[in-house]
Amino acid sequence: QVHLAESGGGSVQAGGSLRLACAASGYAYSAQYCLGWFRQAPGKEREGVASIDAYGLTSYEDSVKGRFTISLDNAGNTLYLQMNNLTPEDTAMYYCAAEGGGGDLTATMTPNGCGYFGHWGQGTQVTVSS
């Protein structure tokens, strides 16, 4: 079975940085499925933050471009999200996700076309204070 476990969240001041990690097991990245990060703030819809496809092509939500970087280790078992220059608007629960598992269309991301995320971690909280 696919298991995703996020870590690295915490409380930081605006302008600070955090690096989130997602330990993945039972997931075959070679199957050409995408991995990604989503976030959800209280009272707001879940939104896709970043994703990476099987070829390494990445997509980012406009507000995080130039600040966040998604990457995958060589073994394909740990997904990262480097978050720099954080702002209070980045405060949210961040979820690691993987395509597959019978997931419905979650988001249509460009340019990599990721979207059918069916595997989810439990989330890690990121809080950015001003």
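Because the structure is a prediction, the values reported are computed rather than measured.

Engineer: Lay out the nonpolar core in plain terms, naming residues and giving numbers.
Structural biologist: The biggest cluster of nonpolar side chains holds 25 residues, and the ones touching the most others in it are W37, V49, F68, L79, L81, M83 and Y94. Elements represented by at least two residues in this core include exactly β3 (18-25), β4 (35-40), β5 (47-52), β7 (68-72), β8 (78-83), β9 (92-99) and β11 (124-129). Excluding its chain neighbours within four sequence positions, the residues that come into contact with V49 are W37, F38, R39, S59, Y60, E61, V64, F68, L81 and Y94. C34, A107, M109 and C114 belong to the second-largest nonpolar core, a separate cluster that totals 7 residues.

Engineer: Summarise the packing of aromatic side chains; cite the residues concerned and give the values.
Structural biologist: Applying the stated criterion across every chain yields a total of 3 aromatic pairs. Between F117 and W120 the ring centres are 6.5 Å apart and the planes differ by 55°, which places this aromatic pair in the tilted class. Given a relative accessible area of 2%, F117 falls into the buried group. Ring-pair connections join several aromatic residues into one group, and the members of that group are F38, F117 and W120. Against the face of Y80 rests R19, its NZ or CZ located 3.9 Å from the ring centre. For the cation-ring pair, R46 lies above F38, with the distance from its terminal atom to the ring centre recorded as 5.8 Å.

Engineer: Explain the sheet that holds β8 residue by residue, including any values.
Structural biologist: Through backbone hydrogen bonds, the strands of a sheet pair up, either in parallel or in antiparallel fashion. Here we have 4 strands laid out as an open sheet, ordered β1-β3-β8-β7, and antiparallel in their pairing. With partners counted over all chains shown, the strands left at the sheet margins are β1 (3-7) and β7, one partner each. The sheet shows a mean angle of 15° between the axes of neighbouring strands, taken without regard to direction.

Engineer: Please give an account of the layout of surface pockets that cites residues and values.
Structural biologist: As a volume, the largest pocket reaches approximately 190 Å³. If you go around the largest pocket, you meet 13 residues; those closest to its centre are G48, Y60, E61, M109 and T110. Residue assignment for the lining of the largest pocket shows that the elements contributing at least two residues are β5 and β6 (58-60). Tallying contributions element by element places β5 first for the lining of the largest pocket, with 4 residues. In terms of residue class, the lining of the largest pocket is made up of 5 nonpolar, 4 polar and 4 charged. Empty space within the second largest pocket amounts to approximately 160 Å³. In terms of lining, the second largest pocket is formed by R39, Q40, A41, K44, E45, E47, P88, E89, D90, T91 and A92. For the lining of the second largest pocket, a count of residues per class yields 3 nonpolar, 2 polar and 6 charged.

Parameters at a glance
Residues numbered from 1 in each chain as written. Predicted model: local features only at pLDDT ≥ 70, side-chain atom pairs only at ≥ 80, totals over all residues. Heavy atoms only, no water. Core = buried A, V, L, I, M, F, W, Y, C linked by side-chain atoms within 4.5 Å. Buried < 20%, exposed > 50% of the residue type's maximum accessible area, 1.4 Å probe, protein only. Helix = DSSP H or I, 4+ residues; strand = E, 2+ residues; numbered from the N terminus. Contact = heavy atoms within 4.5 Å. Phe/Tyr/Trp six-rings, centres within 6.5 Å; stacked < 30°, edge-to-face > 60°. Lys NZ or Arg CZ within 6 Å of the ring centre and 35° of its normal. Pairing = 2+ DSSP bridges. Axes fitted to C-alpha atoms, helices over the stretch in contact; angles between N-to-C directions. 1 Å grid on protein atoms, 1.4 Å probe; cavity = no way out; pocket = protein on both sides within 12 Å on 5 of 7 lines; lining within 4 Å. Points joined across faces, edges and corners; volume = space filled by probe spheres on them. Nonpolar A, V, L, I, M, F, W, Y, C, P; charged D, E, K, R; others polar.

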